[in-house]
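Examining the three-dimensional arrangement
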Amino acid sequence: MSNYDIIRKKTIEFLKKARDAGCFKHILIPMEIPSKESFSYVLIKDESFLIDASPLPPVNPVQGAKVLSSLTRRGELTGKTAAVMRPCEIRAVIELGKLGQVKLENIVLISIDCPGLLPFSSYTADPEKGKARFEKVIGEWGNDSIRPVCMTCTHFADKAGDIHIGIIENNNDISVIPVNDRGKALLEQCVIPAGKDTGARETKIKKETDKRQENLNKSDDELKNSLQGLNNLDKMFADCIGCYNCMRACPICYCRLCYFNSENIRHEADEYIRRAEAKGSLRFPADTLLFHSGRMTHMSLSCVGCGACEDACPVSIPVARIFQFIARQNQALFAYTPGSDREENIPLVVYKESELEDFEDSH
Amino acid sequence: MDTFEPKIVGFLCNWCSYAGADVAGNAKLNVPASFTPLRIMCSSRIDPALILTAYFRGADGILVAGCHPGDCHYEKGNYFARRRFAVTKNTLKALGLDSQRLRLSWISASEGKRFAEVVSEFTEHIKKLGPNPLKETGDL
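This report concerns the structure included in the present document. (Residues numbered from 1 in each chain as written. Chains lettered and ligands numbered in written order. Predicted model: local features only at pLDDT ≥ 70, side-chain atom pairs only at ≥ 80, totals over all residues. Heavy atoms only, no water.)

Topic: the packing of helix α13 (residues 288-299) of chain A against helix α3 (residues 77-94) of chain B
Any two packed helices are characterised by the angle at which their axes cross and by the distance between the axes. At a minimum axis separation of 9 Å, α13 of chain A and α3 of chain B run at an interaxial angle of 135°. Classed by the angle they form, the pair α13 of chain A and α3 of chain B counts as oblique. Considering only the axes of α13 of chain A and α3 of chain B, their crossing is right-handed. Seen from α13 of chain A, the contacting residues are S293, M296 and T297 of chain A; seen from α3 of chain B, they are V87, T88 and T91 of chain B. For the contact of α13 of chain A with α3 of chain B, the class distribution of residues is two nonpolar, four polar and no charged. (Axes fitted to C-alpha atoms, helices over the stretch in contact; angles between N-to-C directions. Helix = DSSP H or I, 4+ residues; strand = E, 2+ residues; numbered from the N terminus. Parallel < 35°, antiparallel > 145°, perpendicular 65-115°, else oblique. Left-handed = near helix turned anticlockwise from the far one by under 90°. Contact = heavy atoms within 4.5 Å. Nonpolar A, V, L, I, M, F, W, Y, C, P; charged D, E, K, R; others polar.)

Listed below in structure tokens is the structure:
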């Protein structure tokens, strides 16, 4: 049996047991779509569907936080529902919870160690090959066939939910680790022995984190050379067709009406003529950089680097890496790590009376 | 470059900084004529997209001015404004753009003199920086 199948089977066994013990009623989990070409989130009531679930799919066309946001848009869930997702998705769920865009009541968040995801377009070009590549990714715990943004992710083993499923260094088994009191109580309720971090697991995580941090530093250095400055930005976003897929795929861009989709940035013809006359010329689609930089200022504090934007970009602009590069610098202003602490407020809704003096009266 | 008159867009809060500008005018203080004031109800009303729009359209400088910390008409608007402004300026800096063209200052309703000083000082700073290259860049 492949690693992929072992993880799948063991996770499903755990979910079944927990469900039978009444820990939750429904399960939201990724599943391969019938055509076997991709994966999708499925809300499961009937146990017969659960055997086909894929807790760790090779690709992720829709970010889990977006799914939970749709699910709870009109109010909280009535029965307990378990949501099995990757750490980045759960971190986005927690950010949306703070923004009131996901109602977290009655949702049991179950995170799982993530070796990375394959780029969506390369997977769908040949799903069979994709599966084989992903099997290797699990075996080697991440290799260079995963998405570039995943290769720089240091949150791959974050215990982000109420319960975490550890698969790193677990000798063909999974370890069900309670993360908070809620998770602990649930595991006790369904009489499932609580796993914990083993030394081997911690060592491996540390080693992988170091490796990815190194990748991240390298990627940052590259971006400093290829992104910064007007000329570079012009080149970087030259292919942008203004489809706004990155914004639509982003779990953090929750606004029902985005400023950049509103009439506020659609102008009379005269206005465009005036701009063309003032500048000498005006390229269309207009305001490309305004859109991207505007989005950065709007969502970067909560950006978890899930890479949904890059998967959705039809012209292969490395948006996820660019946004993460900016996001980390903005998050550093407030020493904020999105999705790490449910009790911590998003920086823009709180303040300190004395802070950010460097930004006052300076140029 | 001697003839360069920087175009500076000023977002002034209704309760303090705009009133401060009025005081400067009543006192007949010298304020560079190329300064374009825009009255807004509170400095926290300034969405980063407004600053960025002015910047990408070629404004040479952008001033956001509000009440001094602790004096906000809405109690804490300027504290939020400071955080939003920091994110905006930091984003421009991270993109390798002219974050020096952005300034945040607190100017009270009685500080006509301070208003004139801030605008003059900022104008001088922008004169040294030169025109915003985006003024003549086709489009981005």
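From this point on, the discussion continues.
Some points on the layout of surface pockets
Taken as a whole, the largest pocket encloses approximately 780 Å³ of empty space. Considering the residues around the largest pocket, the lining is formed by 33 residues, among which I252, C253, Y254, C255 and H298 of chain A are closest to the centre. For the lining of the largest pocket, the element with the highest residue contribution is α13 of chain A, accounting for four residues. The space that makes up the second largest pocket amounts to roughly 360 Å³. Along the walls of the second largest pocket sit 14 residues, with V9, F11, L38, L50 and A54 of chain B positioned nearest its centre. When residues of the lining of the second largest pocket are traced back to their parent elements, those giving at least two are β1 (8-13), β2 (35-40) and α2 (48-56) of chain B. (1 Å grid on protein atoms, 1.4 Å probe; cavity = no way out; pocket = protein on both sides within 12 Å on 5 of 7 lines; lining within 4 Å. Points joined across faces, edges and corners; volume = space filled by probe spheres on them.)

Looking at the pattern of salt bridges
All names here are of chain A. Across all of its chains, the model carries 36 salt bridges over all chains by this definition. D311 serves as the salt-bridge partner of R147, at 2.9 Å between the closest nitrogen and oxygen. Of this pair, R147 sits in the loop between α6 (127-140) and α7 (148-151) while D311 is found in helix α14 (residues 308-312), placing the two residues 164 residues apart along the sequence. (Salt bridge = Lys/Arg side-chain N within 4 Å of Asp/Glu carboxyl O.)

Overview of the nonpolar core
F14, I110 and L227 of chain A are the most contacted members of the largest nonpolar core, which totals 131 residues. Once residues lying within four places of it in the same chain are set aside, the contact partners of I110 of chain A are F14, L15, F24, A82, A83, V84, M85, I90, I163 and I165 of chain A. I8, L63, A65 and V118 of chain B belong to the second largest nonpolar core, which has 14 residues in total. (Core = buried A, V, L, I, M, F, W, Y, C linked by side-chain atoms within 4.5 Å. Buried < 20%, exposed > 50% of the residue type's maximum accessible area, 1.4 Å probe, protein only.)

As for helix α1 (residues 3-20) of chain A
Here α1 of chain A contains 18 residues, and its C-alpha end-to-end distance of 26 Å stays within 8% of the 26 Å for a straight helix at 1.5 Å per residue. Remark: G22 of chain A follows α1 of chain A within two positions and exhibits a positive phi of approximately 85°. (Expected span 1.5 Å × (residues − 1).)

Considerations on the sheet that holds β2 of chain B
What links the strands of a sheet is backbone hydrogen bonding, and the strands pair in either a parallel or an antiparallel sense. Residues and elements named next belong to chain B. The strand order across the open sheet formed by four strands is β2-β1-β3-β4, and the pairing between neighbours is parallel. Edge positions in the sheet fall to β2 and β4 (102-106), since each of these pairs with one other strand and no more. Direction aside, the axes of adjacent strands within the sheet are offset by 20° on average. As paired elements, β1 and β2 share six bridges and run parallel to each other. Within β2, the position partnered with L12 by the bridge is R39. Strands in contact with helix α1 (residues 17-26) are β1, β2 and β3 (61-66); relative to β1, the strand with the most contacts, it is inclined by about 115°. Sitting on the sheet, α2 touches β1, β3 and β4, and the angle it makes with β3 is about 155°. (Pairing = 2+ DSSP bridges.)

Here's the deal with the sheet that holds strand β3 (residues 81-85) of chain A
All names here are of chain A. Taken together, the six strands give an open sheet; going across it, the order is β2-β1-β3-β4-β5-β6, and neighbouring strands pair in mixed fashion. Lying at the two open borders of the sheet, with one neighbouring strand each, are β2 (39-44) and β6 (175-178). Across this sheet, the average inter-strand angle for adjacent strands is 25°, counted without regard to direction. Where strand β1 (residues 26-32) lies against β3, three bridges are found, and the strand directions are parallel. The partner of L28 across the bridge, within β3, is A83.

Looking at the packing of aromatic side chains
Taken as a whole, this structure holds 11 aromatic pairs over all chains when the rule is applied. Measuring from ring centre to ring centre gives 5.2 Å for Y259 of chain A and F260 of chain A, while their planes differ by 80°; the resulting arrangement is edge-to-face. The class of Y259 of chain A is partly exposed, set by a relative accessible area of 24%. The class of F260 of chain A is buried, set by a relative accessible area of 2%. Directly above the aromatic system of F156 of chain A lies the positively charged group of R212 of chain A, at a separation of 4.3 Å from the ring centroid. Here the basic side chain of R39 of chain B rests over the ring of Y18 of chain B, its NZ or CZ set 5.0 Å away from the ring centre. (Phe/Tyr/Trp six-rings, centres within 6.5 Å; stacked < 30°, edge-to-face > 60°. Lys NZ or Arg CZ within 6 Å of the ring centre and 35° of its normal.)

Observations regarding the interface of chain B and chain A
Contacts between the two partners involve 45 residues from chain B, matched on the other side by 49 residues from chain A. Taken together, the two surfaces of chain B and chain A that pack against each other cover about 4100 Å², and 60% of this comes from carbon and sulfur. Inspection of the region where chain B meets chain A yields five salt bridges. Between R83 of chain B and E355 of chain A there is a salt bridge, with its nearest N and O atoms 2.8 Å apart. Taken together, chain B and chain A are joined by 24 residue pairs in polar contact (both at pLDDT 80 or more). In terms of residue count, the dominant contributor to the side of chain B that touches chain A is α3 of chain B (14 residues). Here the residues of the side of chain B that touches chain A sort into 20 nonpolar, 11 polar and 14 charged. (Buried area = accessible area lost by both parts, 1.4 Å probe. Polar contact = N/O pair within 3.5 Å; in protein donor to acceptor, adjacent residues only side chain to side chain.)

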